[in-house]
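The chain contents come next:
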Amino acid sequence: MTVLYNPHAPADAHLIAKYDGRAPRYTSYPTAVQFTPEVTETTYRAWLAALPTTTPVSVYLHIPFCARLCWYCGCNTRAVSRHEPVRDYVALLMTELSTLEQALPGKMSVGDIHLGGGTPNMLSVEELTTIFGGLRHVFHVVPDAEIAAELDPAVLSRDWIKAAAYHGLSRASLGVQNLAPEVQSAVNRQEKFEDIAECVASLREAGVASVNLDLMYGLPHQTTRNTLSTLDAVLTLRPERLALFGYAHVPWMKAHQQLIDEAALPGPAERLEQSQAAAERLKAEGYVQIGLDHFALPEDTLAKAAAEGALHRNFQGYTTDAAGTLLGLGASAIGTTPGGYVQNITAELGWRHTVADGKLPIARGVAVTDEDRFRADIIERLMCDFAVDLAAACARHGRTLADLHDALARLHDFQQDGLATWDGQVLTVTPRGRMLVRSICALFDAYLAPDAQRHAKAI
């Protein structure tokens, strides 16, 4: 098959060297770096009590267990060989749900439920029934609710799929990353394409309407060639969505990443080539590029939302979920309300003790100001649409362009390098600049420290 990527097109060594600094992924604004212990359980209870009962909310449940620990993983999870920790965790998850119910102003409607991890299919069929029974007791789950789960093909059974579909699973995300044996060995994730294909077939047979496959670039020993060969294989499955994430090497935050040979990691130019070659291949196969790292078939709801300017971004990535409140359950889960963001205790043992004491396990968070909402609006539109009408954003938030003087002044280099255009009203990220959209968003981030080491590289 012809490789569509033109290595001389969008970026050169000068641009990579100039702009490949660290930048947040902007799944929220303010970002999690700004969360502090000043936001407590008391704060969260006040925010919950103020929620309007007529407005639907979303729910996220974090399942921090895996059958294997992938060395590239940046999630809050651990590998377990016995099921008892999972069973005990689910019992406490139901305790947390009951405590949350008492803090809510009434029975609320839920339009989106997301099971993340970790590996939610580490749950038994009986535990799935317990969780969904609890959710339907506390909330009114609307008939057309989107129910999604992140799944590991290595431990996904037909019985689990049937049970999840019975409870309403409508979208499933399978981790693939890369199929090259040398890459899989380097990150401790062996996976056969045949097993992935069988999982996709079983999900579709059970009536799951949308299947997403997660791929990565920038892994050790990854090349443009094995990135495209992975795509050649998975495209035969015609998934409704694909995500193409850049590996974030942050061993100072995730100790198990120290097991990865840094000498085997591709550099910025190679990472860029892998991502752009994959994007061109996907677009040639009829997929719509959505935001920074998602692709979907034109008839998929994500593609339709992008076309209508209704795409959103939250801690699960790009989404059609427009709810202003996300209630997080489980260790490390992040939630948001109109008042601000909260995060549960990350350490599983601390979460367990706090929940068992009948408390909401809030560790930290941040109250959101009007200025934050203004900048969040700009950043979300840039991340989702690669363009934002700044004049209109100012009007929505009672601001003027003068309030953005510093950010617009720093835009000059991006304009000079053909990465963005500014006509006095609309800021547009050019095709050349899309891989650096996070760096352009950072211009509007009032909190970002120039040398912030907590964030991944921009490319």
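Everything here concerns the structure above.
Fair warning: this is a prediction, and the values are worked out from it, not measured in the lab. (Residues numbered from 1 in each chain as written. Predicted model: local features only at pLDDT ≥ 70, side-chain atom pairs only at ≥ 80, totals over all residues. Heavy atoms only, no water.)

Undergrad: Can you walk me through the pairing of strand β5 (residues 140–151) in this structure?
TA: As a general feature of sheets, a regular strand has side chains that alternate between the two faces. Relative to β5, strand β4 (residues 109–117) runs parallel, the two sharing 6 bridges. Counterpart to His114 in the pairing with β5 is Ala148. Once the chain exits β4 it traverses helix α4 (residues 125–138) before rejoining the sheet at β5, and the crossover so formed is right-handed. As paired elements, β5 and strand β6 (residues 171–177) share 4 bridges and run parallel to each other. Across the sheet, residue Leu151 finds its bridge partner in β6, namely Leu174. (Pairing = 2+ DSSP bridges. Helix = DSSP H or I, 4+ residues; strand = E, 2+ residues; numbered from the N terminus. Right-handed = clockwise from strand over helix to strand, strands pointing away.)

Undergrad: Where do I start with the pattern of salt bridges in this structure?
TA: A side chain with one charge may pair with a side chain of the opposite charge, provided their charged atoms come close. Tallying each qualifying case throughout the model produces 21 salt bridges. Linking Glu191 and Arg189 is a salt bridge whose minimum nitrogen-to-oxygen distance equals 3.2 Å. For Glu191, a relative accessible area of 9% translates into the label buried. Arg189 sits in the buried class, given a relative accessible area of 7%. A single network of salt bridges, built from pairs that share partners, joins Arg68, Asp152, Arg189 and Glu191. (Salt bridge = Lys/Arg side-chain N within 4 Å of Asp/Glu carboxyl O. Buried < 20%, exposed > 50% of the residue type's maximum accessible area, 1.4 Å probe, protein only.)

Undergrad: Looking at this structure, I do not really get helix α11 (residues 348–356). What am I missing?
TA: Owing to its 3.6 residues per turn, the α-helix brings residues three or four apart onto one side. Listed in full, the buried residues belonging to α11 are Glu348, Trp351, Arg352, Thr354 and Val355. The inward-facing, buried residues of α11 contact β2 (65–66), β3 (78–79), α3 (84–103) and β15 (340–344). Once α11 finishes, Gly358 follows within two positions and takes phi at roughly 80°, a positive value. (Contact = heavy atoms within 4.5 Å.)

Undergrad: Would you mind going over the packing of aromatic side chains with me for this structure?
TA: For any pair of aromatic rings, geometry is given as the distance between the ring centres together with the angle between the planes. Under the defined criterion, the tally for this structure stands at 5 aromatic pairs. Ring geometry for Tyr29 and Tyr447: centres 5.8 Å apart, planes at 45°, overall tilted. Taken together, the residues Tyr29 in the loop between α1 (13–19) and α2 (41–49) and Tyr447 in the segment after α16 (437–441) connect sequence positions 418 residues apart. Counting every residue linked through ring pairs, the aromatic cluster contains Phe35, Phe315 and Tyr341. Note that Arg313 overlies the ring of Tyr318, its terminal NZ or CZ placed 4.5 Å from the centroid. (Phe/Tyr/Trp six-rings, centres within 6.5 Å; stacked < 30°, edge-to-face > 60°. Lys NZ or Arg CZ within 6 Å of the ring centre and 35° of its normal.)

Undergrad: What is the right way to look at the side chain of Asn344 in this model?
TA: By secondary structure assignment, the location of Asn344 is in strand β15. A polar contact of 2.9 Å, which involves the side chain of Asn344, links it to the backbone oxygen of Gly330. Among residues more than four places away in sequence, those in contact with Asn344 are Glu96, Gly328, Leu329, Gly330, Ser332, Ala333, Trp351, Pro361, Ile362 and Ala363. (Polar contact = N/O pair within 3.5 Å; in protein donor to acceptor, adjacent residues only side chain to side chain.)

Undergrad: Help me understand the environment of Gly365 in this model?
TA: Structurally, Gly365 can be placed in strand β16 (residues 362–367). Considered as a pair, Gly365 and Phe245 are 120 residues apart in the sequence and their alpha carbons are 26 Å apart. Among residues more than four places away in sequence, those in contact with Gly365 are Gln34, Phe35, Thr36, Val39, Tyr341 and Val342.

Undergrad: What's the story with the sheet that holds strand β18 (residues 420–422) in this structure? I'm lost.
TA: Sheets are built from strands that pair by backbone hydrogen bonding, the pairs being arranged parallel or antiparallel. Taken in spatial order, the 3 strands of this open sheet run β17-β19-β18, and their pairing is antiparallel. The open sheet has two free edges, formed respectively by β17 (387–389) and β18, since each of these has just one partner strand. Neighbour-to-neighbour, the strand axes of the sheet open up by a mean angle of 5°, direction not taken into account. Pairing analysis gives 3 bridges linking β18 to strand β19 (residues 426–429), with the strands arranged antiparallel. In the strand pairing of β19, Thr421 is matched with Thr428. Its contacts with the sheet place helix α12 (residues 370–385) against β17 and β19, and it is angled at close to 140° to β17. (Axes fitted to C-alpha atoms, helices over the stretch in contact; angles between N-to-C directions.)

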